[in-house]
Amino acid sequence: MLLLVAFMKQPDKAAKVVLVGVFIPLLFYVITVVMVIGALSIDGVVMSTWPTLELMRSFEIPGLIFERFESWLLVIWIMQIFTTFTITYYAAALGMAQLFKKRIRPFVYGLVPIIYLIAMVPKDINDLFKFGDMVGNAALLLFAVLPVILLLVSSVRGGKA
Amino acid sequence: MKHVTVRNLLISLLVLTLLSLTGCWSSKEIEDLGLVVGTSLDLDTQEESREESAGQAGGPPRRDRITITNQFVTAETTGKGTKNASSQPKAYNNVSETGDAILPTLRNMILRIEKRAFDEHSKVIIIGGDLARTLDLQKILDFFIREQEMRPSCLLLIAQNRASQTLDSKKPMEVPAFKLVEMTHGHGRTTKILPPATLTKIEGKLHSGTSFLLQNVVSSANGDIKFEGAAVIEGKTRKLRGFLNEKELEGLTWITGEGKGGLVKSVDKKTGEPIIYEVLSMKSKIKPRVDGNNISFKIEIESEGRIAEHWVVSEKTIETDFLKRAEKAAEEEVERLVEHVLDKIQHEYKTDVAGFGNKLRIAYPHVWKAVKKDWDQTFSEVPIRYEVNLTIKDYGTADE
């Protein structure tokens, strides 16, 4: 999100765009959490590995063309994964290209095997969950703590903002 | 120019490959599937097989053995066999197998049927009373909750006698599993049927250790099935504690306010003739109160309805006096039902199946933390007051 701001045509609207962009998914996630906990109760949520999917599977509506809805949820879910993936993928390639001052192409292709290897690292599903948590924490460090430090550094060195 | 045609060719090749990729990955031919629509679980009664397994030296210790019956729909269900009425094949096929854990037993059914058992369309699980009494429900249901093929929308019922009997029917074109599911829809029109309990709902309750109710099915020798009251599952042991009969279940539905419709049969005091009150809406509020260490509850039941039938010929429903009297009589009847079931669940079964604990948890989370562990015991000594308020809104198309 911070990366795209750098390429905006009207950077002065950045704050508004970022806020709207954060607010919409936030709304959806809050609704999802309330629905899932409301339907399964906290004890039920604790017990299931995939609570949202469990909720979608837990009811059937006869007479509405489709009785079951989990496949639709999964379709949208995969679309969501695809969009987030493309953005982060592009950002990673772009970042590397700028870092090494090279063209972006070789990095776009070069990242493919690396991502594949990283995806193979978690051995079982518990590893995968731990890995997910780690990535989340790393994101917090990279996008919340690091920019602040960099900002401090730049102000100490007296560079132009 | 040439460059462009090569590129076009390559693009069309890619598109064509896509077409062939849409194929049948992980497809299952429907003819090869045995669609499971219902499963019943019973405690095994055959003593010989028990001894046999106990006699094996070095084997695992003897456990209670479970008889599982899967109900498959056969090809005839789809309407092929309707023409020749003389030799009508049955619409279902029941297969039983016995073992001490669920999945190995289910897999052993492969030895008996040619089709691949397919659970995606399973609608109902029926657990026999004696099995629910001896084994922890969480253990019995673990496989069904864990398995991805099983849907969490599957219903759960308790059978007072053998569960496999409820999956039997004398009528050839009837599939008992479907019948049971359809029968739970009757919840909307009577207070004697519980709201359908799906695996999802049960899962949380089992985990949190609250007591709850499951619909009870009784099968008679001539192949009839009937919903009769409810089974009480004790939260701590997660085993069957006992049964509530129809009257008691009615009272309980009034307490929880989960009913959508139903009747109250009250007796007119003056004449001794019945007046039938039909429920149009039902609402109940359970209000917990805490004074120091004393917990108490107050139930406020409110309902609107109408007079659906009355045998008091001498009175006219058009008179407000009579309506008030009928309201009073119906209120007293509901109070009697509530009192009776409260006495039963508090003093005989000592289980909180009406959700009083949950209301306490919401209103007084700190108190709940302290009493949570031994809640069913605490609940059995808690004073509960109740207030019933019925309103008769109309009296149908006859004002006599």
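Cut-offs used in this document
- Position numbers for residues start from 1 in each chain and track the written sequence from start to end.
- Lettering of chains starts at A and numbering of ligands starts at 1, both following the order in which they are written.
- Residues qualify for local features only when their pLDDT is at least 70, as the model is predicted, and side-chain atom pairs are given and counted only at 80 or more; totals for whole chains, interfaces and linings, by contrast, use all residues.
- For side-chain calculations, the full set of non-hydrogen atoms in the structure is used, while hydrogens and water are omitted.
- Strands are runs of DSSP state E lasting at least two residues, helices are runs of H or I lasting at least four, and both sets are numbered from the N terminus onward.
- With the radius of gyration taken over C-alpha atoms, the globule rule is written as 2.2 Å times the number of residues to the power 0.38.
- Only protein chains enter the accessibility calculation, which uses a 1.4 Å probe; a residue is then buried when its area is under 20% of its type maximum, exposed when over 50%, and partly exposed in between.
- In what follows, a contact means two residues having at least one pair of non-hydrogen atoms within 4.5 Å.
- Areas reported here follow the Shrake-Rupley algorithm with a probe of radius 1.4 Å; residue values treat only the protein chains shown as occluding.
- Charge assignment: positive for Lys and Arg, negative for Asp and Glu; neither His nor the chain ends contribute.
- The atom standing in for a charge is NZ when the residue is Lys, CZ when it is Arg, CG when it is Asp and CD when it is Glu.
- For every residue, the predictor states its confidence as a pLDDT score lying anywhere from 0 to 100.
- Summed over both partners, buried area is the accessible surface (1.4 Å probe) that two parts give up on being assembled.
- When a carboxyl oxygen of Asp or Glu is within 4 Å of a side-chain nitrogen of Lys or Arg, the pair counts as a salt bridge.
- Two N or O atoms count as a polar contact when they lie within 3.5 Å, although within protein this holds only if one can serve as hydrogen donor and the other as acceptor, and sequence-adjacent residues are included solely when both atoms are side-chain atoms.
- Nonpolar residues are Ala, Val, Leu, Ile, Met, Phe, Trp, Tyr, Cys and Pro. Charged residues are Asp, Glu, Lys and Arg, and all others, Gly as well, are polar.
- UniProt positions are given in the numbering used here, feature names are shortened, and annotations may be inferred rather than shown by experiment.
- Here the rule is simple: two strands pair whenever DSSP picks up at least two bridges between them.
- A fitted line through C-alpha atoms represents every axis, and for helices the fit uses only the stretch in contact; the resulting angles, taken between N-to-C directions, go from 0 to 180 degrees.

What follows is about the overall build of chain A. Helices and strands together make up the secondary structure of chain A, namely six helices and zero strands. Against the compact-globule benchmark of 15 Å for 161 residues, chain A has a radius of gyration of 21 Å, which places it well outside the compact range. Over its C-alpha atoms, taken along the principal directions, chain A stretches across nearly 65 × 35 × 30 Å. Counting only residues that meet the buried cut, chain A has 14% of its 161 residues in that class. Relative to all contacts within chain A whose residues are 6 or more apart in sequence, the contacts with residues 24 or more apart total 16%. Only carbon and sulfur atoms are counted for the fraction: they give 76% of the accessible area of chain A, which is about 13,000 Å². Taking the average place of the 13 positive charges on the side chains of chain A and the average place of its 9 negative ones, the gap between the two points comes to 26 Å.

In this section: the confidence of the model for chain A. Overall, the predicted model of chain A reaches an average pLDDT of 86, with 96% of residues at or above 70. Put simply, helix α1 (residues 2–5) of chain A is where chain A has its lowest mean pLDDT, 69, and helix α5 (residues 105–119) of chain A is where it has its highest, 91.

To continue, consider the interface of chain A and chain B. Taken together, the contact pairs 14 residues of chain A with 15 residues of chain B. In total, chain A and chain B occlude about 1,300 Å² of area from one another, counting both sides; carbon and sulfur atoms represent 45% of this. One salt bridge connects A:E70 with B:R151, and the closest N-O pair in it is separated by 2.8 Å. In this assembly, chain A and chain B are joined by five residue pairs in polar contact (both at pLDDT 80 or more). Contributions of two or more residues to the side of chain A that touches chain B are made by α2 (14–47) and α3 (51–57) of chain A. For the side of chain A that touches chain B, the element with the highest residue contribution is α2(A), accounting for six residues. Its residues assigned to classes, the side of chain A that touches chain B comprises four nonpolar, four polar and six charged.

A few words on the UniProt feature "transmembrane region" (unreviewed entry) in chain A. Residues and elements named next belong to chain A. The sites that carry the UniProt feature "transmembrane region" (unreviewed entry) are, in the present numbering, residues 17–42, 72–92, 104–122 and 134–153. Taken end to end, residues 72–92 comprises 100% helix and 0% strand; its first and last C-alpha atoms sit 30 Å apart. When the span residues 104–122 is considered, its composition is 79% helix and 0% strand, and the gap between its end C-alpha atoms is 29 Å.

Residues and elements named next belong to chain B. An order of β10-β11-β12-β13 is seen for the four strands of this open sheet, with the pairing classed as mixed. Each edge of the open sheet carries a strand with a single partner, namely β10 (262–267) and β13 (384–394). When strand polarity is set aside, the average angle formed by the axes of neighbouring strands in this sheet is 40°. Helix-sheet contacts for helix α9 (residues 246–256) involve β10, β11 (274–291), β12 (294–310) and β13, and the interaxial angle to β11 is about 60°. Of the strands in this sheet, β11, β12 and β13 touch helix α11 (residues 356–363), which is tilted by about 45° from β11.

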